[in-house]
Amino acid sequence: MTVLVGYVPTSEGDAAFTAALQEARRRAEPLVLLNSARGGAPVNMDVAPEEAIERMTERAKADGVEVDVRQNMHEGDAADEVLRVAREVDASVIVIGLRKRSPVGKLLMGSSAQRILLDADRPVLAVKP
């Protein structure tokens with residue numbers, strides 16, 4: 001079993017990483033950090049800079065948590081990629097960050113977090129910054 005965190009370089013992503021690291025330490029499980037960009041996008045702000053990944057990796061090592069960083073491109077929706085990786089690594093929990101959105105915003109833009117919460121076949125820990 002492992003803890004999976006869906007990470008984007010935002011305050012929500014940082015909160016998710018912190019919660020995932022605490023959860024991995026509590027469960028004595030490794031951590032999979034998923035920071036995957038959509039293939040074919042001309043510019044993607046979801047990809048974490050190398051320095052940020054190094055900082056998180058060092059932080060996990062300092063806490064005694066093994067971390068596996070996955071930054072492969074994916075096709076389709078980010079929620080589908082999180083759920084696919086959760087099945088692949090047999091995650092014991094999925095950790096995601098939430099941002100505040102209005103009901104109309106969710107209706108018009110959709111919500112990856114909402115899809116993960118509704119479609120996951122394992123526990124989801126959703127955190128706010």
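Here the structure is shown first, and the text comes after it.
Residues numbered from 1 in each chain as written. Predicted model: local features only at pLDDT ≥ 70, side-chain atom pairs only at ≥ 80, totals over all residues. Heavy atoms only, no water.

A. Seen up close, unusual backbone geometry. With a phi angle near 55°, Ala28 is a residue other than glycine that sits in the positive phi range. Tracing the sequence through the fold places Ala28 in the loop between helix 1 (11-27) and strand 2 (31-34). The phi dihedral of Asp90 is positive, around 50°, even though this residue is not glycine. Structurally, Asp90 is set in the loop between helix 3 (78-89) and strand 4 (91-97). Overall, the relative accessible area of 40% leaves Asp90 in the partly exposed class. (Helix = DSSP H or I, 4+ residues; strand = E, 2+ residues; numbered from the N terminus. Buried < 20%, exposed > 50% of the residue type's maximum accessible area, 1.4 Å probe, protein only.)

B. Molecular detail of the environment of Gly97. Tracing the sequence through the fold places Gly97 in strand 4. On the basis of relative accessible area, Gly97 is assigned to the partly exposed category, the value being 25%. When the C-alpha atoms of Gly97 and Leu125 are compared, they prove to be 8.5 Å apart, with 28 residues separating the residues in sequence. The contact partners of Gly97, leaving out residues within four places of it in the chain, are Glu12, Ala16 and Val127. (Contact = heavy atoms within 4.5 Å.)

C. Fine view of the sheet that holds strand 4. The 5 strands are arranged 3-2-1-4-5 in an open sheet whose pairing can be described as parallel. Edge positions in the sheet fall to strand 3 (67-70) and strand 5 (124-127), since each of these pairs with one other strand and no more. Shown here is a sheet whose adjacent strand axes are inclined to one another by a mean of 20°, direction ignored. Relative to strand 2, strand 1 (residues 2-6) runs parallel, the two being bridged by 4 bridges. What sits directly across from Val5, in strand 2, is Leu33. The strands that helix 2 (residues 50-62) touches are strand 2 and strand 3; relative to strand 3, the one it contacts most, it runs at about 160°. (Pairing = 2+ DSSP bridges. Axes fitted to C-alpha atoms, helices over the stretch in contact; angles between N-to-C directions.)

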